[in-house]
Amino acid sequence: MMQTLSLQQSKIQNRSTPSVGRSRSIRQHRAARCVVKARASNPFEEELAANAKYIATRGKGILASDESNATTGKRLDSVGVENTETMRRNWRQLLYTAPGLGQYISGAIMFEETLYQSTHDGVQFVDVLKKQGIVPGIKVDTGLQVLPGSDGETTTQGLDNLGARCEAYYKQGARFAKWRAVLRITDESGPSNQAILENAHGLARYAQIAQANGLVPIVEPEVTLGPGSYSIEETAYWSEYVYSHVMRLLNEYGILKEGMLLKPNMCLPGLDAPSASPEEVAKYTVRTMLRTIPAAVPGIHFLSGGMSEEESTQNLQALQEACPNAPWSLTFSYGRALQSTTLKTWAGADIGSEDWNKAQDILVKLAKANSEAQLGQYTGPHPVPGGGRILQALRTGGAGK
């Protein structure tokens, strides 16, 4: 009897095993078909990949001019210029019409107001940029908010109605977008898991919505430069930890890697620690990227953060020397490192005046220096030598229209 039962069980197992295997195989096949179908259903896929590849062109970078009206007002006030719509327009016009800028800049990130503005003589800024061969982009997040239950950590808002806004931005001429998340390090600890997961989810969801509406998403997980004496090794550790979580969420949300760009921080020690040499910065930054960012991503566009104009260029040059055969374009998406001296030189001067022309000249020289650095060909001297690192104040409470 026992032998008969054993034989029956054996037959059942023999019959069920192939069935389980076939069932698993069918499920895997269906899952694979679903993934292919999901990607193929995006009509913008080829356009996204082409635009991302163009923006990541070797020898070119991004001009980050997406400061909110409130932040722009502080910058204008620092040079004695009133924060009005006209003066904000004049400032952006100076940037976008600089002769020859398109030789070194492939994309420009704009604030919403700027995307819809025109020059003083009626030419839309998006058309001014396109004429220079510069792709118009748009900041789509609506600012930082303090993460409840945290010790001042932040999350980024702006997912509400993002699809409709991206659709409208595309119609206006934008072809890429940017969303900034900020994670902080202190002498006591790095970012909390709550902050990392919250911001990684926001970045992935934003990237998914942007790609669905034809915009190449720039994913910016900034491990921000702040006060403290923490080492460059600690920054590298936490940056690697953050980026690995961000990439995992991007994978889970089905983001097309060939149709996105990354905007991370370089690995730097805290502001109260001794400065690191360009070689040290490059060593830890390149290692972090190689460990976390897939080769399918066309470009890694580093932010200048709290670095001076010269330091930003020197570190960018060192990155090329540390990784001359990088699978991605190791390039720049600089704001302050291109605009600071340009703004001081302009200081509200009339359109076409001598100071206006001088300001445009220094902007193009700074862009050229960073272009040379991206190609590994920068030898100096720098257009704006010297300068020190600064603490960038984090502004919470929204974009500040």
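Refer to the preceding data block for the structure.
A brief structural summary. (Residues numbered from 1 in each chain as written. Predicted model: local features only at pLDDT ≥ 70, side-chain atom pairs only at ≥ 80, totals over all residues. Heavy atoms only, no water.)

This next bit is on the packing of helix α12 (residues 336-346) against helix α13 (residues 354-374). Interaxial distance between α12 and α13 falls to 8 Å at its minimum, and their mutual angle equals 165°. Taken as axis vectors, α12 and α13 run roughly antiparallel relative to one another. When you trace α12 past α13, the crossing you get is right-handed. Taking contact as the criterion, the partners of A337, L338, T341, T342, T345 and W346 in α12 are, on α13, D355, W356, K358, A359, I362, L363, L366, A367 and N370. When grouped by side-chain class, the residues that make up the contact of α12 with α13 number 9 nonpolar, 4 polar and 2 charged. (Axes fitted to C-alpha atoms, helices over the stretch in contact; angles between N-to-C directions. Helix = DSSP H or I, 4+ residues; strand = E, 2+ residues; numbered from the N terminus. Parallel < 35°, antiparallel > 145°, perpendicular 65-115°, else oblique. Left-handed = near helix turned anticlockwise from the far one by under 90°. Contact = heavy atoms within 4.5 Å. Nonpolar A, V, L, I, M, F, W, Y, C, P; charged D, E, K, R; others polar.)

A few words now on unusual backbone geometry. The omega angle of the peptide bond from G380 to P381 is -5°, so this bond is cis rather than trans. You can see P381 is positioned in the segment after α13. We note that N161 has phi near 60°; this positive angle belongs to a residue other than glycine. With respect to the helices and strands, the residue N161 is situated in the loop between β5 (154-156) and α7 (162-172). For N161, a relative accessible area of 56% gives the class exposed. (Buried < 20%, exposed > 50% of the residue type's maximum accessible area, 1.4 Å probe, protein only.)

A separate point is the packing of helix α10 (residues 278-292) against helix α11 (residues 309-322). Relative to each other, α10 and α11 sit at 55°, their axes nearing to 8 Å. Viewed along their axes, α10 and α11 adopt a mutual orientation that is oblique. Taken as a pair, α10 and α11 cross one another with a handedness that is right-handed. Residues P278, E279, V281, A282, T285 and V286 of α10 form the contact with α11, whose own contacting residues are Q314, N315, A318, L319 and A322. Split into classes, the residues belonging to the contact of α10 with α11 amount to 7 nonpolar, 3 polar and 1 charged.

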